[in-house]
Amino acid sequence: MKKRVLVTYNMFREGYSKLIEKYDVTFPPADRECFSYDEVMEVIDQYDALQSMYNFPVDKNLLDKATKLKIVSNYAVGYDNIDIPYATQKGVVVTNTPDPVTEPTADMAMGLLLSVARRISECDRNLRIPGKIEWGLLDNLGYSLYGKQLGIFGMGRIGKALARRAIASGMKIVYHNHKPISEEQEKLLNARYVSFEELITTSDVVSINAPHTNETHHIINEKVLEKMKKTAILINTARGPLVDEAALAKALKNKTIYGAGLDVFEFGHKVSDELLELDNVVLTPHIGTQTFDVRNEMAYCVSENIINFFEGGKITRVN
Ligand code: GLV
């Protein structure tokens, strides 16, 4: 009998063709975007593999119900939606999609950085309102990137890809990580390892590129924001809860930092009202990997992880 795979989201089918050929794959009905948690709970005991999206909770209750489940192939590099210790305890393998998300997420971080530093979104917004924009030589001033210091918190694949882009803009790179990267990589990226304290107090731009864990929860909080430069920019393309959003809104409102670019939010799809009222923050709806190309590449990657898990081959395993 063919293995059964449950895909929680109605994604483009292109990347799934090999999976569909080999296994019995269930997608949500054509007129639906995704299966709800309750719907998945109803049927999960019939499936050998689950292909979850980054915001679909794979928790204890679901794992307890999933008596046949062998693998959760997560459509994301992040896997904070999955109870990893419990999956491990249950013998369920979890995989993610690091390769396809690296470059587009770094593009997004760089795009947000440029937009905040040079006030691109703000100017665009104001230019559309009759009489709102000023054209004077001293209006709409922002900050240059050339010669400025970018502090990267989390020098993994995305952090390094961002560093490459920032170097092209003439920025200097410092970083903080759970451990330093190799000397060879440091040389290649012209990057210097610093303490978290040095990173936040001396950087012109702080970019968050680390996963959300107990240790990184609210790593950017009121105290940290107070220590940042008054001209500093904060970029977050990782996960919202690394930043205390209320503290950030306060810092932006009081101009204790210059600006922020956020693709992710502390409360998922709910953006704090305080942020929506501010001009010195650029907000995007978690679109770091939202390109036609990447959607297909990620679908291909989640499929390969399932196929290779069952048939023997390389998987990007996280537990
Ligand atoms: C997107 O947020 C991802 O984790 O891939």
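Everything that follows concerns the structure shown earlier in this document.
Predicted, not measured: the structure shown is a model, and the values here were computed from it. (Residues numbered from 1 in each chain as written. Predicted model: local features only at pLDDT ≥ 70, side-chain atom pairs only at ≥ 80, totals over all residues. Heavy atoms only, no water.)

So, about the overall build of the chain. A count of helices and strands for the chain gives 13 helices and 12 strands. Its C-alpha radius of gyration of 21 Å places the chain within 12% of the 20 Å reference for a compact globule of 319 residues. With the principal axes as the frame, the chain shows a C-alpha extent of 70 × 50 × 30 Å. For the chain, the proportion of its 319 residues judged to be buried stands at 51%. In the chain, the share of contacts with a sequence separation of at least 24, taken over all contacts with a separation of at least 6, comes to 59%. Taken together, the 38 basic and 42 acidic charged side chains of the chain have centroids lying 3 Å from each other. (Helix = DSSP H or I, 4+ residues; strand = E, 2+ residues; numbered from the N terminus. Rg over C-alpha atoms; globule rule 2.2 N^0.38 Å. Buried < 20%, exposed > 50% of the residue type's maximum accessible area, 1.4 Å probe, protein only. Contact = heavy atoms within 4.5 Å. Lys, Arg positive; Asp, Glu negative; His and termini not counted. Charge placed at Lys NZ, Arg CZ, Asp CG, Glu CD.)

A few words now on the site of the ligand. Around the ligand, the structure places Ala 76, Val 77, Gly 78, Val 101, Arg 239 and His 286. Contacts to the ligand include Val 77, whose backbone N or O atom sits 2.7 Å from an oxygen atom. Within the backbone of Gly 78, an N or O atom sits 2.9 Å from an oxygen atom of the ligand. Across the complex, the protein chains shield 91% of the 190 Å² of accessible surface that the ligand would expose by itself. Looking at the shell around the ligand, its residues break down into 3 nonpolar, 2 polar and 1 charged. (Near = heavy atom within 4 Å. Polar contact = N/O pair within 3.5 Å; in protein donor to acceptor, adjacent residues only side chain to side chain. Areas by Shrake-Rupley, 256 points an atom, 1.4 Å probe, with all protein chains shown as cover. Nonpolar A, V, L, I, M, F, W, Y, C, P; charged D, E, K, R; others polar.)

The next thing to look at is the nonpolar core. Side chains of nonpolar character tend, in soluble globular proteins, to be buried together. Counting 32 residues, the largest nonpolar core has Ile 220, Leu 234 and Leu 248 as its most contacted members. Elements that contribute at least two residues to this core include exactly α9 (196-202), β9 (205-208), α10 (222-227), α11 (245-253) and β11 (259-262). Ranked by residues supplied to this core, first place goes to α11 with 5 residues. Aside from chain neighbours lying at most four places away, what touches Leu 248 is Leu 225, Leu 234, Val 243, Ile 257, Ala 260 and Leu 262. The next biggest cluster of nonpolar side chains, apart from the first, holds 27 residues, and it includes Val 116, Ala 161, Ile 233 and Val 282. (Core = buried A, V, L, I, M, F, W, Y, C linked by side-chain atoms within 4.5 Å.)

Taken as a whole and judged by the stated rule, the model has 19 salt bridges. Where Arg 128 meets Asp 124, a salt bridge forms, and the shortest distance between an N and an O atom there is 2.9 Å. Its relative accessible area of 37% is what places Asp 124 among the partly exposed residues. Several salt bridges share partner residues, and in doing so they unite Glu 103, Asp 107, Arg 164 and Arg 165 into one network. (Salt bridge = Lys/Arg side-chain N within 4 Å of Asp/Glu carboxyl O.)

Our next topic: the sheet that holds strand β10 (residues 233-236). In space, the 7 strands of this open sheet follow the order β8-β7-β6-β9-β10-β11-β12, with parallel pairing throughout. Two strands bound the open sheet, and with one partner strand each, they are β8 (191-193) and β12 (281-283). Strand-to-strand twist across the sheet, computed as the mean angle between neighbouring axes with direction ignored, equals 20°. In this structure, β9 lies alongside β10, joined through 4 bridges in parallel fashion. Directly across from Ile 208, in β10, lies its bridge partner Asn 236. (Pairing = 2+ DSSP bridges. Axes fitted to C-alpha atoms, helices over the stretch in contact; angles between N-to-C directions.)

In the case of a regular strand, side chains alternate between the two sheet surfaces. Among the 5 residues of strand β6 (residues 149-153), 5 are classified as buried, and the element is accordingly described as predominantly covered. Handedness of the β6-helix α7 (residues 157-168)-strand β7 (residues 172-176) crossover: right-handed. Taken together, the 4 bridges between β6 and β9 define a ladder with parallel strand orientation. Each residue of the ladder has a partner; that of Gly 151, found in β9, is Val 206. (Right-handed = clockwise from strand over helix to strand, strands pointing away.)

In this model, His 218 sits at a positive phi of 55°, which is unusual for a non-glycine residue. Looking at the secondary structure, you find His 218 in the loop between β9 and α10. Positive phi, close to 60°, is recorded for Lys 255, a residue that is not glycine. Among the structural elements, Lys 255 can be located in the loop between α11 and β11.

Another point: the environment of Ala 66. As for its position among the elements, Ala 66 is in the loop between α3 (60-65) and β4 (71-73). Counting along the chain gives 34 residues from Ala 66 to Arg 32, while the straight-line C-alpha distance between them is 23 Å. With near-sequence residues (within four places) excluded, Ala 66 lies in contact with Ile 44 and Asp 45.

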